Each structure stands twice: as C-alpha cells, then as structure tokens.
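Inside the fold
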Amino acid sequence: MHITVFSAQPYDQRFFEQTCHTQFADSDLHFTYQASALGMKTLALAAGSQAVCVFVNDVLDAPVLEGLYEQGVRAIVLRCAGFNNVDLKAAERLGMYVARVPAYSPEAVAEHAVALIQTLNRRIHRAYNRVREGNFQLDGLLGMTLHGKTVGIVGTGKIGLALARIMKGFGCRVLGYDPCPQEDFNRLGELVDLPTLLADSDIVSLHCPLLPATEHLIDADALAAMKPGAMLINTSRGGLIDTPAVVSALKMRHLGALAIDVYEQESGIFFKDHSDDIIDDDVLQRLVTFPNVLVTGHQGFFTREALSEIAEVTLGNLCAYQAGTDNPNALVAASHR
C-alpha cells in the first residue's frame, strides 16, 4: 500500500521510517512525504496512493474527500487525536476508512502545560534574555508560589488527569470540569461546574476537544467570570478560545497572563519558518506584544516518546485497514474496499 504523508516534517519521516523498519518490517507500506498541507490545491500530490496520512491543519472537508476518492484514496489516517478538520459524514458516505491516534504520551502535553505555567509565572523567558545582556536585576520578575494555589482543569481525559497529578504534586488545589468526567479525577481533585472553576482558579488550563459545543468556550463572558489576574493556558485546540476577547481581557488587565501552544488561525503559520516574512495576522502579532503572553508553535506533543507512539499507532491503523480487521481507533470503518 502506498501512503502520501501530508504536512510532513523531517522528524515525521525519521520516526515513521524507523518504526516501519523495526516494528512493521513485514508490512507492505510505502510512504511519500509531502511538506505541503492537504487541501483542494494539493490534491494531485496524493495521486497513486491508496491512503493519506494527515495532521491537525490539513483540510479534509467534503470536496477534498471527494477529490481523494476520485484519485483512488480509500483510507485516511490522522497522526493526531483531534479530528475536527475531517468531515466524517462525507467520509462515511464515500465509504472511506478514517482512523486516528486517540491518545499518545498524555504526559508530554501535560508537562508542556506545566512548562508554560512556570515560564510565565517566574518570567523565565524575560530572565533568560536579561541575563544574556548582562542584566541580573530581579525587578519585574516577581512570580507567585504555586503551592496552595487553585488550578482549574477543563477536560479530565488522559491529558487533564496527567496535569492534575503534576499540579497536586506541587501542592495545588485542583478543580476539574468535564461533561463526562473521569472517575479517577476524584482522587486528585474536586469536580465542579465551569462557572465555579473559572471563578475560583488562579490558573485555568484547557484540555478538551474542539467540538461545536466547545468552540469559543472561553469567550468574553467566560473571561469576565475568571478570577482577576488569573492565568489561562491552552495546549489543546486554538478554537477553544475567542482570541480577540482574550486580547481585550489582557488590555483591561483582567486576565493576568496567557500561554498558548495552539492558535485558532495557526494553519499556514505554525510548523513553518516565517523569520524572513511579514506575518499577516494582526491578532497574533498583537498577542506577542504583551509581556505577559507566551506563544509556542504547537509543540506540546513534541517528545521522542510521543512521536514514537504516534508512528506506531498510525502504522498499526494502516495495517488494520489493509488486513480488514476491526480497529478501536477507527472513526469511520471502511464500508467497501
């Protein structure tokens, strides 16, 4: 089976080829790596493939899926957990197989959230630049002791649970909100409703999927309900946050700090080098001017362990499709081959 990998980075190729040679040596999988994202303009790159492998910012709406189907593509494997960029109803109508990596090294994302919290809180990014310039003054670097503070976790799945374990270890009071909460959370913190979490938390961290019900979950009203001076962390999906509303809350000094590893309009920006370009996104450019805002380029998943697991599960999903076996990771099972 030939697979075209879209939005491919050098590390994707390295981990896919390594995993294929070590764990799937007997499989008949052959990959072509394309740096371009999948969309209507890049459909032709999938010609001759029976499957495509895609990432978070690839577009798989109905027209794209129909174009892939016309070229002979019958399987779509996502090397990520989120699938809001795929029209699943169209895929089911076409009889196309869709599978994802439902969870990979949740500790990787949770640990990145903690890194963002600590960097913002203790102004590590500013201290780093100061010391490099020979400035060892402490004024302007004042943080807070996390022990005893309240951390609110929106989404109590595997990543939310991993963060709860870490923050409990810091000595924090941990609150959680989830319409379908995990029972394991009760050992780590207290489940509350969203208004209570927002009002009581010194730090709010988002760990939920992007669905119609969660789009702009953090809007102007939610921001107004947060404790004045609280910190907001998002390592999940950019669309969970109404970014212009966040900019307003920062300007009003109501939101104390913001750290995001994801951005609603990140497609076309993240995973690329724009150091010699003018970034034509006024909202993002405004965000990075705030001294109390930290932006990273969707690197929460970026650990050796997570990349190895992503490659292993993705190749397993392809082999399951090839063999016609049931796969718990399938979002849409192939109705015909």
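These remarks concern the structure in this document. (Residues numbered from 1 in each chain as written. Predicted model: local features only at pLDDT ≥ 70, side-chain atom pairs only at ≥ 80, totals over all residues. Heavy atoms only, no water.)

1. Brief notes about the overall build of the protein chain
- A tally of regular secondary structure across the protein chain gives 11 helices and 13 strands.
- For 337 residues, the compact-globule estimate of 2.2 N^0.38 gives 20 Å, and the protein chain sits close to it at 21 Å.
- Along the longest, intermediate and shortest principal axes, the C-alpha atoms of the protein chain span 60 × 50 × 40 Å.
- Residues counted as buried form 49% of the 337 residues belonging to the protein chain. (Helix = DSSP H or I, 4+ residues; strand = E, 2+ residues; numbered from the N terminus. Rg over C-alpha atoms; globule rule 2.2 N^0.38 Å. Buried < 20%, exposed > 50% of the residue type's maximum accessible area, 1.4 Å probe, protein only.)

2. Digging into the state of the cysteines
- Considering all chains together, one arrives at 0 disulfides under this definition.
- Left without a disulfide partner, Cys53 is nearest to the cysteine sulfur of Cys80, which lies 8.6 Å away.
- On the basis of relative accessibility, which here comes to 0%, the residue Cys53 falls in the buried class.
- With no disulfide partner, Cys319 has as its closest neighbouring cysteine sulfur the one in Cys20, 7.7 Å distant. (Disulfide = S-S within 2.5 Å.)

3. Here we look at the packing of aromatic side chains
- Counted according to the given criterion, the structure contains 7 aromatic pairs.
- Aromatic pair Tyr11 and Phe302: ring centres 4.6 Å apart, planes at 65°, arrangement edge-to-face. Of the two residues, Tyr11 is situated in helix H1 (residues 10-23) and Phe302 in the loop between strand E12 (293-295) and helix H11 (304-323); the sequence distance between them amounts to 291 residues.
- Given a relative accessible area of 15%, Tyr11 falls into the buried group.
- Residue Phe302 is classed as partly exposed on the basis of its relative accessible area, which comes to 40%.
- Arranged with centres 5.5 Å apart and planes meeting at 65°, the rings of Phe55 and Phe271 form a pair that is edge-to-face. (Phe/Tyr/Trp six-rings, centres within 6.5 Å; stacked < 30°, edge-to-face > 60°.)

4. Here we look at the side chain of Arg74
- Inspection of the secondary structure puts Arg74 in the loop between helix H2 (62-70) and strand E4 (75-78).
- For the buried Arg74, no salt bridge exists, and the shortest N-O distance to an oppositely charged side chain is 9.6 Å, to Glu70.
- In this view, Arg74 contacts Gln50, Tyr69, Met96, Tyr97 and Tyr321; residues no more than four positions away in its chain are not counted. (Lys, Arg positive; Asp, Glu negative; His and termini not counted. Salt bridge = Lys/Arg side-chain N within 4 Å of Asp/Glu carboxyl O. Contact = heavy atoms within 4.5 Å.)

5. A closer look at the packing of helix H4 (residues 106-121) against helix H6 (residues 158-169)
- Put simply, H4 and H6 touch, their axes get as near as 8 Å, and they point 50° apart. With respect to each other, H4 and H6 are oriented oblique. Relative to H6, the crossing made by H4 is right-handed. Mapping the contact onto sequence places Pro106, Glu107, Val109, Ala110, Glu111, Ala113 and Val114 in H4 and Lys158, Ile159, Ala162, Leu163, Arg165, Ile166 and Met167 in H6. (Axes fitted to C-alpha atoms, helices over the stretch in contact; angles between N-to-C directions. Parallel < 35°, antiparallel > 145°, perpendicular 65-115°, else oblique. Left-handed = near helix turned anticlockwise from the far one by under 90°.)

6. Points about the sheet that holds strand E6 (residues 150-154)
- Read across the open sheet, the 7 strands follow the order E8-E7-E6-E9-E10-E11-E12; overall the sheet is parallel. Strands with a single pairing partner mark the edges of an open sheet, and in this sheet they are strand E8 (190-191) and E12.
- Across 4 bridges, the pairing between strand E9 (residues 203-206) and strand E10 (residues 231-234) is parallel. Among the inter-strand pairings, Val204 is bridged to a residue of E10, identified as Leu232. (Pairing = 2+ DSSP bridges.)

7. Some thoughts on H1
- Over its 14 residues, H1 extends 20 Å from the first C-alpha to the last, a length consistent with the 20 Å expected when each residue adds 1.5 Å.
- Within H1, burial applies to Tyr11, Asp12, Phe15, Phe16, Thr19 and Cys20. End-on view of H1: buried residues confined to an arc of 155°, all on one side of the axis. Exposed positions of H1 whose direction lies more than 90 degrees from the buried face are Pro10, His21 and Thr22. (Expected span 1.5 Å × (residues − 1). Arc of directions from axis to C-beta.)

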